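# Report on the structure
Next come the chains, spelled out residue by residue.
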Amino acid sequence: MDRMKELVKLINKYDKEYYELDNPSISDMEYDALYYELVALEQMSGIVLPNSPTHRVGGAVQKGFNKHKHKLRLYSLDKAQNRTQLENFFQRVIKAVGYMPKFTLEHKFDGLTVSLTYKNGELVSAATRGDGITGEEITAQVKTIRSVPLTIHYKGEIEILGEGIMRLSVFEKYNETAKTPLKNPRNGAAGAIRNLNPKITASRKLDFLAYNVGYVEENLFKTQCEVNQFLRENGFLVDDKFVIVSDVDNAMVELNKIEEHRETLDFMIDGAVLKIDDMSLREKLGYTDKFPRWALAYKFTAQETTTIVKGVKWQVSRTSKINPLAVLEPVELMGVTVKQATLNNYSDIQRKDIKINSRVFIRRSNDVIPEITAVASHNEDSMEILKPTNCPACGSVVREEGAFLYCTNPDFCAPTIISYLDHFAQKSCMDIEGLSEKTAEQLYNEMHIKYPYQLYYLTMEQLLTLEGFKEKKASNLLSNIEKSKNVTLDRFIFSLGIPSIGRKTARQLADTFQSLEKLMEANTQTLLALDDFGQIMADNVVGFFADDKNIDLINKLLEAGVTIKVEEKKEGIFSGKVVVLTGSLSTFKRSQAAKIIEEQGGKVNDTVSKSVNLVIAGKDAGSKLAKAQKLEIEIWDEGQFINALGSDFIMV
Ligand code: AMP
Ligand code: ZN
């Protein structure tokens, strides 16, 4: 009972922050954990406290807003988070209906519920959900949203339900320059709509995605499919994702697909919504005091949670940039324990007002190191993060350039030297197997190897003095160093470690200039004319080759025996084309297909971007295909690929 009281109090506080103040201090994931703990206790004890949040829809009308009474109540959605819970929901429906009905499946947009009322074809009012019975009147605000039609064809009285959202691209752009960055797109949307000043709503460039009809004066629709059709015909923005499912397996396949494609969408979703398609069945099933019994939200793994910043580590990179890394109180997110997060740079820390000991939101998208998006709450122990005045590794004075900090003595700064040696040895650079970061560290500390050319003069006797080096390991390393002398131009360029020139760009430079000499002569203008080449990149390339020290180091590498091979440009059906392979092909292995494409003059990339010309999609292609569709890149299936190869192609 004590815990129940405590939970009710806590959840009500968090509800207020989320629904009324648009300023949450915990993540949805943490909220859900408390909520379901309360649900479980209520079920176990059979007691529901009078002010329990499990039996009402959150959100009171904010001061300054007029009240709007909904003609039909607006509900929340029951939730499932795994297959079993989804199955249980289907079982309940089957029991009530007598058979398994058809369900529609759509994205669950993560924004703010908005209800629009039209009379005589004109938008007469707009409202938030509020507690489901009464919401806030937000007509002036909503009229600034461009995807809300002010007039529609239909002339009867009708309520349109949808979600006010902020697109991710808009959100990111907004936060780039915002004095007070937004916590996330949902808050961006909610805060903009529930703002007494419609000008602010307008400036946030929101969108309205329609997903249902509430009250309508006549009986217009038999199914959700008809509703969708109607919404489109009346000029509403309706999301493309709309499929019918009729059993658990089917539903799980679609849900997994959506979860996989989630990263390619330009808006946030926190799950998918399943609704019974047939309206007459919906009536039969009815509602609990909080949810319709005919719909369900399937929630995906949360990408966001909160934790405490314990400290900041300043790390020196191979380009002598000093990057802040947040040390976090360890927290579980998407199945891994997160202990660190990137902080980008010092001005980012200031803009987001991140402090040591404060609670922050962290977000993770697939595979990348998490990012701190915003502060959740400060407390009395919160401390300013100080900008280092000296390099944490070598003590030299720090230089500031734009938002970034640099060590001013990189030639004598161990981490810069070691990580550059490590970079030089990497597979996509000179490919010296056996030269790990640890070995680089040993070579620097014990042998004073600072510059890559020195590697080519290492001897067996020297290596044998290093800890952990026996005859075999030493001779392997020596022969790998020897082998690395033959290098392709693109890998050589990448191994130079020119700031902001990655592997892909290095390849592009090699393809364009075809020789080191030509690249060294290139001017800013020529470089800027290349695809995706920005001013900073061009300046970095030109600046690098203008520095005598770098030229000297390049010459020393060449003197040491490094020979640069220039790959001949091959001519064929893929000449000049950048191709991405995705999904599984039945006639070839992917590596074979890649080889064929390269032999035919094409370039094979791993990721889809604007500079890709063609995507060849095999079976079960996933997010790459989706991205290609979004970017409107030409897409071939395996058949088209084989046809294009024609008679030139002999099966291998
Ligand atoms: P919740 O507030 O988490 O209980 O979820 C219910 C809310 O989900 C509704 O009020 C809608 O605003 C929102 N929602 C987002 N996408 C959809 C959709 N496709 N269909 C129905 N509701 C949706
Ligand atoms: Zn330093």
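It should be emphasised that the depicted structure is a prediction, and the values quoted were computed from it without experimental measurement. (Residues numbered from 1 in each chain as written. Chains lettered and ligands numbered in written order. Predicted model: local features only at pLDDT ≥ 70, side-chain atom pairs only at ≥ 80, totals over all residues. Heavy atoms only, no water.)

## Quick word on the pattern of salt bridges
If the charged atoms of two oppositely charged side chains come close together, the side chains can form a pair. Inspection of every chain in the model, using the stated rule, returns 29 salt bridges. Note that Glu30 is salt-bridged to Arg359, the shortest N-O span being 3.8 Å. Note that Glu30 is positioned in helix α2 (residues 28-45) and Arg359 in strand β15 (residues 359-363), a separation of 329 residues in sequence. Taking relative accessible area as the criterion, Glu30 reaches 22% and is therefore assigned partly exposed. Overall, Arg359 belongs to the partly exposed group, its relative accessible area being 26%. Residues Lys387 and Glu400 are paired through a salt bridge, measuring 3.0 Å at the closest nitrogen-oxygen approach. Note that Lys387 is positioned in the loop between β16 (371-377) and β17 (398-401) and Glu400 in strand β17, a separation of 13 residues in sequence. (Salt bridge = Lys/Arg side-chain N within 4 Å of Asp/Glu carboxyl O. Helix = DSSP H or I, 4+ residues; strand = E, 2+ residues; numbered from the N terminus. Buried < 20%, exposed > 50% of the residue type's maximum accessible area, 1.4 Å probe, protein only.)

## Quick notes on the site of ligand 1
The environment of ligand 1 is made up of 14 residues, and the closest members are Ser76, Thr113, Arg129, Glu163 and Tyr211. One nitrogen or oxygen atom from the side chain of Ser76 is found 2.3 Å from an oxygen atom belonging to ligand 1. For ligand 1, whose free accessible area comes to 490 Å², the fraction covered by protein is 90%. Going through the elements one at a time, β3 (103-109) and β10 (269-276) are the ones with two or more residues in the shell around ligand 1. Of all the elements, β3 adds the most residues to the shell around ligand 1, at four residues. For the shell around ligand 1, the per-class residue count stands at five nonpolar, three polar and six charged. (Near = heavy atom within 4 Å. Polar contact = N/O pair within 3.5 Å; in protein donor to acceptor, adjacent residues only side chain to side chain. Areas by Shrake-Rupley, 256 points an atom, 1.4 Å probe, with all protein chains shown as cover. Nonpolar A, V, L, I, M, F, W, Y, C, P; charged D, E, K, R; others polar.)

## A few points about the domain arrangement of the protein chain
Looking at the assigned domains, one finds that the protein chain contains domain 1 (2-55), domain 2 (67-299), domain 3 (304-407), domain 4 (414-565) and domain 5 (578-648). On a C-alpha basis, the centres of domain 4 and domain 5 stand 31 Å from each other. Counting residues at the interface gives six residues for domain 4 and five residues for domain 5. Taken together, both faces of the contact between domain 4 and domain 5 bury some 410 Å²; the carbon and sulfur share is 34%. On the domain 4 side of the interface with domain 5, the three residues burying the most area are Lys504, Arg507 and Asp532, jointly 70% of the side's total. Between Asp511 and Lys603 there is a salt bridge, with its nearest N and O atoms 3.4 Å apart. (Domains from an automatic or database assignment. Contact = heavy atoms within 4.5 Å. Buried area = accessible area lost by both parts, 1.4 Å probe.)

## Thoughts on the nonpolar core
Membership of the largest hydrophobic core comes to 54 residues, with the highest contact counts inside it found for Ile432 and Leu509. Per-element accounting of this core gives the leading share, six residues, to helix α12 (residues 414-425). (Core = buried A, V, L, I, M, F, W, Y, C linked by side-chain atoms within 4.5 Å.)

## With respect to the coordination of the zinc ion (ligand 2)
For a metal bound by four donors in tetrahedral geometry, the ideal donor-metal-donor angle is 109.5 degrees, whereas six donors in octahedral geometry ideally sit at 90 or 180 degrees. The zinc ion (ligand 2) binds to the protein through Cys391 (SG), Cys394 (SG), Cys407 (SG) and Cys413 (SG); the donor distances cover 2.2 to 2.3 Å. One way to put it: the four donor atoms around the zinc ion (ligand 2) meet at angles of 97 to 115 degrees, and that makes the site tetrahedral. (Donors = N, O, S within 2.8 Å, 3.2 Å for Na, K, Ca; no water. Tetrahedral: all angles 85-135°; square planar, octahedral: opposite > 155°, others 65-115°.)

## Comments concerning the side chain of Arg204
By secondary structure assignment, the location of Arg204 is in the loop between α7 (198-203) and β8 (207-216). No salt bridge is formed by the buried Arg204. Its closest oppositely charged neighbour is Asp22, at 8.2 Å. Filtering out sequence-adjacent residues up to four positions away, Arg204 remains in contact with Met166, Val170, Tyr174, Leu182, Asn187, Gly188, Gly191 and Ala192. (Lys, Arg positive; Asp, Glu negative; His and termini not counted.)

## Digging into the packing of aromatic side chains
The full count for this structure, using the stated rule, is 20 aromatic pairs. Ring geometry for Tyr75 versus Tyr287: centroids 4.1 Å apart, planes at 20 degrees, classification stacked. In this pair, Tyr75 sits in the loop between β1 (67-69) and β2 (79-80) while Tyr287 sits in the loop between α10 (279-285) and β11 (295-299), placing the two residues 212 residues apart along the sequence. According to the relative accessible area criterion, Tyr287 is partly exposed, its value standing at 38%. (Phe/Tyr/Trp six-rings, centres within 6.5 Å; stacked < 30°, edge-to-face > 60°.)

## As for helix α8 (residues 224-233)
Among all positions of α8, only Gln224, Val227, Asn228, Phe230 and Leu231 are buried. The buried residues of α8 occupy an angular sector of 160 degrees when the element is viewed end-on, so they sit on one face. Of the surrounding elements, those touching the buried residues of α8 are β3, β7 (158-165), β8, β9 (242-245), β10 and α10. Looking one or two places after α8, you find Gly235, whose phi comes out positive at around 90 degrees. (Arc of directions from axis to C-beta.)

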